[in-house]
Amino acid sequence: MDEAEEAPDPRVRMWAPVCQAVARLLGPYAEVVLHDPDTDRVLDIWNPMSSRGPGDPSLLGELDELDPSPQGVYGPYEKLLADGRRLSSVSAVLRDAHDRPSAVLCINLDRTPLEQAAAVLSAFGAPTVQRPEPLFEQDWSERIQHIVGSHVRETGRPVERMTRQDRLAVLGRLDEARVFAVRRAAPVVAGALRVSRSTVYGLLAELRASSAKD
């Protein structure tokens, strides 16, 4: 084999640093492949996930039949390996100075670690049984946090965006739970709702006056 045959393809020399950088950043979970669109062969491959190597068929199909894409980037789209692993893949058509397709860069990311992490997080977020109220019956500060937090989740509005009616509704539930029977509860309620104590007292008086009329 002469030196000309041994010399790396100029496209590989140009794009190898990019391919290596991606492979190092996402390795060992990413396969990076550089294809020759003219010969439909693999120019080079980094972190191979199968037995294919340089010179093997690419089986890319006709680039001219691809729908137009901004900057010539396609994906992410899903692929499957023979062992059942799911991949998220992107392909980029690399063009020369004359705007002709020079190479196709494909990145295949193994989703296995992401799916495993998602399964662990889902297990942590699984539905729980109803909390044992006797354990929290005397913990009035916990009751305040629970009632305020429940209203936030029900309405989808954070404390900072609560309306006057929201605060009245929360105070009504707190009063019903006899939270204000505890002498030091009002400042804690004010802190949880992020309002002043005077606002809490004013809204509570309004709420109780309205209830007395009814």
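Residues numbered from 1 in each chain as written. Predicted model: local features only at pLDDT ≥ 70, side-chain atom pairs only at ≥ 80, totals over all residues. Heavy atoms only, no water.

An unreviewed UniProt entry annotates the chain as PAS domain-containing protein of Streptomyces nigrescens.

**Student:** Explanation requested: the nonpolar core in the structure shown.
**Tutor:** Across soluble globular proteins, nonpolar side chains have a tendency to be buried as a group. Counting 22 residues, the largest nonpolar core has Val148, Leu171, Leu174, Val189 and Leu193 as its most contacted members. Residue assignment for this core shows that the elements contributing at least two residues are helix H5 (140-155), helix H6 (164-176), helix H7 (185-193) and helix H8 (197-213). Counting residues per element, this core draws most heavily on H7, which supplies five residues. Ignoring any residue separated from it by four or fewer positions in sequence, one finds Leu171 in contact with Phe180, Val189, Leu193, Val200, Leu203, Leu204 and Leu207. Counting 13 residues, the second-largest nonpolar core is a separate cluster that includes Ala16, Leu34, Leu43 and Leu105. (Core = buried A, V, L, I, M, F, W, Y, C linked by side-chain atoms within 4.5 Å. Buried < 20%, exposed > 50% of the residue type's maximum accessible area, 1.4 Å probe, protein only. Helix = DSSP H or I, 4+ residues; strand = E, 2+ residues; numbered from the N terminus. Contact = heavy atoms within 4.5 Å.)

**Student:** Would you mind showing me how to read the sheet that holds strand S3 (residues 73-80) here?
**Tutor:** Two orientations exist for strands paired in a sheet by backbone hydrogen bonds: parallel and antiparallel. One open sheet holds the five strands; their spatial order is S2-S1-S5-S4-S3, and the pairing between them is antiparallel. The two strands at the open ends of the sheet, each matched to only one other strand, are strand S2 (41-46) and S3. Averaged over neighbouring strand pairs, the angle between their axes works out to 25 degrees when direction is ignored. By the bridge criterion, six bridges tie strand S1 (residues 30-36) to strand S5 (residues 101-110) in an arrangement that is antiparallel. From the neighbouring strand, Val32 faces S5, where its bridge partner is Ile107. Set on the sheet, helix H2 (residues 10-26) makes contact with S1, S2, strand S4 (86-95) and S5; between it and S1 the angle comes to about 165 degrees. (Pairing = 2+ DSSP bridges. Axes fitted to C-alpha atoms, helices over the stretch in contact; angles between N-to-C directions.)

**Student:** Would you mind showing me how to read the pattern of salt bridges here?
**Tutor:** Pairing of side chains with opposite charge becomes possible as their charged atoms draw close. For the coordinates displayed, the defined rule picks out 15 salt bridges. Taking the shortest distance from any N to any O, the salt bridge between Glu31 and Arg52 comes out at 3.0 Å. Taken together, the positions of Glu31 in strand S1 and Arg52 in the loop between S2 and S3 put the pair 21 residues apart, joining distant regions of the chain. A relative accessible area of 23% places Arg52 in the partly exposed class. Across the salt bridge formed by Arg173 and Glu154, the nearest N and O atoms sit 3.2 Å from each other. Pair noted here: Arg173 is in helix H6 and Glu154 is in helix H5, with a separation of 19 residues, a long-range link. Judged by relative accessible area, Arg173 falls into the partly exposed class, the value being 30%. Relative accessible area serves as the criterion here: at 56%, Glu154 is assigned to the exposed category. Within the structure, one salt-bridge network assembled from shared partners comprises Glu78, Arg86, Arg111 and Glu115. (Salt bridge = Lys/Arg side-chain N within 4 Å of Asp/Glu carboxyl O.)

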